[in-house]
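Notes for the structure review
Given next are the chains, with one letter for each unit.
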Amino acid sequence: MVMMGHRARLEELLRAYGPGSRPASHGRYALVGQPETLVILERMENNPFGLRSEWEKELETVFLDDLEFAWGPRIRLSR
């Protein structure tokens, strides 16, 4: 899996935005720390436009926008 090469980055994401962090205490970054986040991040790295396209059909974009900001991908998809 591609995420194996991102261990330090994942650890920093959890520390900065995961459960118990200041941003999380304000109700933001709800996906950080959830198991499905690994799959979402993998798609964000490898098929960002496809991820956003499918996401917008089913879910509120604020969750993806927050995760995208926290992860800091090469391509910004939010408006």
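Higher on the page you've got the structure.
These notes cover the structure that comes with them. (Residues numbered from 1 in each chain as written. Predicted model: local features only at pLDDT ≥ 70, side-chain atom pairs only at ≥ 80, totals over all residues. Heavy atoms only, no water.)

Further remarks concern the overall build of the protein chain. For the protein chain, the helix and strand inventory stands at five helices and zero strands. The helix and strand sequence of the protein chain, counted from the amino end, reads α-α-α-α-α. Among the 79 residues that make up the protein chain, the fraction classed as buried is 37%. Relative to all contacts within the protein chain whose residues are 6 or more apart in sequence, the contacts with residues 24 or more apart total 57%. Carbon and sulfur atoms provide 55% of the accessible area of the protein chain, an area that totals close to 5200 Å². (Helix = DSSP H or I, 4+ residues; strand = E, 2+ residues; numbered from the N terminus. Buried < 20%, exposed > 50% of the residue type's maximum accessible area, 1.4 Å probe, protein only. Contact = heavy atoms within 4.5 Å. Areas by Shrake-Rupley, 256 points an atom, 1.4 Å probe, with all protein chains shown as cover.)

Where helix 3 (residues 37-46) meets helix 4 (residues 48-58), the axes come as close as 5 Å, and the angle between the chain directions of the two elements is 125 degrees. The angle between the axes of helix 3 and helix 4 places the two elements in the oblique class. When helix 3 is examined against helix 4, the residues Ile40, Arg43, Met44, Glu45 and Asn46 are found in contact with a partner set consisting of Pro48, Leu51 and Trp55. Classifying every residue of the contact of helix 3 with helix 4 gives five nonpolar, one polar and two charged. (Axes fitted to C-alpha atoms, helices over the stretch in contact; angles between N-to-C directions. Parallel < 35°, antiparallel > 145°, perpendicular 65-115°, else oblique. Nonpolar A, V, L, I, M, F, W, Y, C, P; charged D, E, K, R; others polar.)

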